[in-house]
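Notes for the structure review
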Amino acid sequence: KPVIDWSTAKESNPARFRAYFDAMMQRGVYFAPSAYEAGFVSAAHSDEDIDQTVSAARFAFERMGSLGV
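In what follows, the accompanying structure is described. (Residues numbered from 1 in each chain as written. Predicted model: local features only at pLDDT ≥ 70, side-chain atom pairs only at ≥ 80, totals over all residues. Heavy atoms only, no water.)

1. Notes on the pattern of salt bridges
To be explicit about the condition: Whenever Lys or Arg places a side-chain nitrogen within 4 Å of a carboxyl oxygen from Asp or Glu, that contact is recorded as a salt bridge. The secondary structure listing takes helices from DSSP runs of H or I that are at least 4 residues long and strands from runs of E that are at least 2 residues long, numbered from the N terminus. Accessible area is worked out with a 1.4 Å probe on protein chains only. A residue is then buried under 20% of its type maximum, exposed over 50%, and partly exposed in between.
With the rule as written, the count across this model stands at two salt bridges. The salt bridge partner of K1 is E11, with a shortest N-O separation of 3.3 Å. You can see K1 sitting in the segment before α1 (6-9) and its partner E11 sitting in the loop between α1 and α2 (14-26), a full ten residues away along the chain. Look at K1 and you get exposed, because its relative accessible area is 75%.

Next up, the structure:
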């Protein structure tokens, strides 16, 4: 469900975030290491950067599914 305040934010699953964060790092995509921080796309990101991020996210979600996270 959408995160709109602290109450909904603290319902997140830290194990899922950690699995996603680790898998993205393995593919060279770096996020803040906290589930409570925001990430942003900027005009400095190329189409190639965005494609790499999408590919890494697919890998991360597949990996998380295989781990049962």
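2. Some remarks on the packing of aromatic side chains
Each aromatic ring pair is described using two quantities: the centre-to-centre distance and the angle formed by the ring planes. Note the following rule: Two aromatic rings from Phe, Tyr or Trp, using only the six-membered ring of Trp, form a pair when their centres are within 6.5 Å; if the ring planes differ by under 30 degrees the pair is stacked, by over 60 it is edge-to-face, and anything between is tilted. By definition here, charges over rings are those cases where NZ of Lys or CZ of Arg is within 6 Å of the ring centre and within 35 degrees of the ring normal.
On inspection of all chains with the given rule, the structure shows four aromatic pairs. Here Y20 and F61 contribute two aromatic rings whose centre-to-centre distance is 5.3 Å and whose plane-to-plane angle is 25°, an arrangement assigned as stacked. Of this pair, Y20 sits in helix α2 while F61 sits in helix α3 (residues 47-67), and the two are 41 residues apart along the sequence. For F61, a relative accessible area of 52% corresponds to the exposed category. These aromatic residues form a ring-pair network of at least three members: Y20, F31 and F61. Above the face of the F59 ring, R27 is positioned so that its terminal group lies 3.7 Å from the ring centre.

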